[in-house]
Amino acid sequence: MIAPSLERRATLGLDAHGTPQLGYPRPRYVLSAPGLQLVVNSVGSKPNPLWVTAFVGDGRTAVGGDGFTTLVLRQGPGTPTSTVSRALSGRFVPSTGDFTVTFDPARFPQLGLANGAPLRYDLNWQVPGWDSVQEALAAGPLLVSGGKVVLDPAREGFDTSGSIWRATRQVAFVQMGERSGIAFLDNGTPAEFARALAGAGVSSAMRLDSGSSATVYVSGGYLNAGGYLNTVWSRPVPNALVFVPKLNATGK
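Residues numbered from 1 in each chain as written. Predicted model: local features only at pLDDT ≥ 70, side-chain atom pairs only at ≥ 80, totals over all residues. Heavy atoms only, no water.

Novice: Go over the overall build of the protein chain with me, naming the residues and quoting the values.
Specialist: Secondary structure summary: the protein chain contains one helix and 18 strands in total. Dimensions of the protein chain along its principal axes, counting C-alpha atoms only, are 60 × 50 × 35 Å. Scored against the burial criterion, the 252 residues of the protein chain give a buried share of 39%. If you take every contact in the protein chain between residues at least 6 apart in sequence, the share linking residues at least 24 apart comes to 62%. (Helix = DSSP H or I, 4+ residues; strand = E, 2+ residues; numbered from the N terminus. Buried < 20%, exposed > 50% of the residue type's maximum accessible area, 1.4 Å probe, protein only. Contact = heavy atoms within 4.5 Å.)

Novice: Got a sec to walk through helix 1 (residues 190–199)? Specific residues and values, please.
Specialist: Listed as buried for helix 1 are Pro190, Phe193, Ala194 and Leu197. For helix 1, the angular spread of the buried residues around the axis is 100°, confining them to a single face. Of the exposed residues in helix 1, the ones pointing more than 90 degrees away from its buried face are Arg195 and Gly199. Residues of helix 1 that are buried in the fold lie against strand 12 (142–145), strand 13 (148–149), strand 14 (168–176), strand 15 (179–188) and strand 16 (204–210). Phi for Gly201, located one or two positions after helix 1, is positive at around 90°. (Arc of directions from axis to C-beta.)

Novice: Describe the sheet that holds strand 1 (residues 11–14), listing the residues and the values that go with them.
Specialist: Spatially, three strands are ordered 2-1-11 in an open sheet, and the strand pairing comes out antiparallel. The open sheet has two edge strands, strand 2 (20–23) and strand 11 (135–138), and neither has a second partner. Averaged over neighbouring strand pairs, the angle between their axes works out to 20° when direction is ignored. Two elements, strand 1 and strand 2, share four bridges in a ladder whose sense is antiparallel. What sits directly across from Leu14, in strand 2, is Pro20. (Pairing = 2+ DSSP bridges. Axes fitted to C-alpha atoms, helices over the stretch in contact; angles between N-to-C directions.)

Novice: Any details on the sheet that holds strand 7 (residues 63–75)? Residues and values, ideally.
Specialist: One open sheet accounts for five strands, arranged 5-6-9-7-8; its pairing is mixed. If you trace the sheet from one side to the other, it starts and ends with strand 5 (42–43) and strand 8 (82–92), each paired once. With two bridges connecting them, strand 5 and strand 6 (residues 53–56) associate as parallel partners. Each residue of the ladder has a partner; that of Val43, found in strand 6, is Ala54.

Novice: Break down the environment of Ala3 for me, citing the residues and quoting the values.
Specialist: Topologically, Ala3 is positioned in the segment before strand 1. Along the backbone, Ala3 and Val43 are 40 residues apart, and their C-alpha atoms lie at a distance of 5.9 Å.

Novice: Before we move on, can you summarise the nonpolar core with the specific residues and values?
Specialist: Among the nonpolar cores identified, the biggest contains 22 residues, and Leu31, Val52, Leu111 and Leu119 are the most heavily contacted of them. Of all elements in the fold, only strand 3 (28–33), strand 4 (36–39), strand 7 and strand 9 (99–103) reach the threshold of two or more residues within this core. Beyond its immediate chain neighbours, meaning those up to four positions away, Leu111 contacts Leu31, Leu36, Leu38, Val52, Leu71, Val101, Phe103 and Leu119. Grouped together as the second largest cluster of nonpolar side chains are 11 residues, Tyr24, Leu142, Val171 and Ala214 included. (Core = buried A, V, L, I, M, F, W, Y, C linked by side-chain atoms within 4.5 Å.)

Novice: Describe the confidence of the model for the protein chain, with residues and values.
Specialist: Per-chain confidence: the protein chain averages 88 in pLDDT, with 90% of residues scoring 70 or above. Predicted confidence in the protein chain is weakest over strand 18 (residues 227–228), with a mean pLDDT of 73, and strongest over strand 13, with 97. (pLDDT = per-residue confidence, 0-100.)

The following block contains the structure:
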């Protein structure tokens, strides 16, 4: 969990076999040490004096602040146990992959741990059925569930007055029974997209993105050599879902 969007937005979860599921897991990190168990309030680089805030370093974003303490945790190879490698005050930029915990030491004195002290962090999905999930992508909003439109932008913190809710290109992860796929709409609002998907018999659907980052590439099939469904507005994106055909018993 490296972004707070998993805390509030519709999420696609994948287990070790690639089996998908959609929902609102609202996960939290749990810190544990001898005589200590504490739930992290949020994930982000900006601290809050009332919270314990976690962040996964990207090598360029600063964490901490005046009056705050930040613990940098390192996990040894082949072990789930992590230890405090540094305890720092003020703002600094953690290295890529460093797990940091920022807090007000007056409010959370139990986290005043010395370098080398064990402090484990685990992800608690908080929702039954998500414990087997190994990878997750939060996007949203959830468009369809049980074959019906369930669009609720307020629940997921979307501002419908902004350009993100305009009529534009839309992409969604969809499920039809046991089959999964990608749906692409050349132009429409999220509400229009949801109605179209429900009308097409989709059982569940979650919007992935819209506009210039709504990119779909198809290889083979009717496009033969492959190509983009949207040849305008395409740009590099940080996340991708790839569907790969499985071989059957005959190797086809």
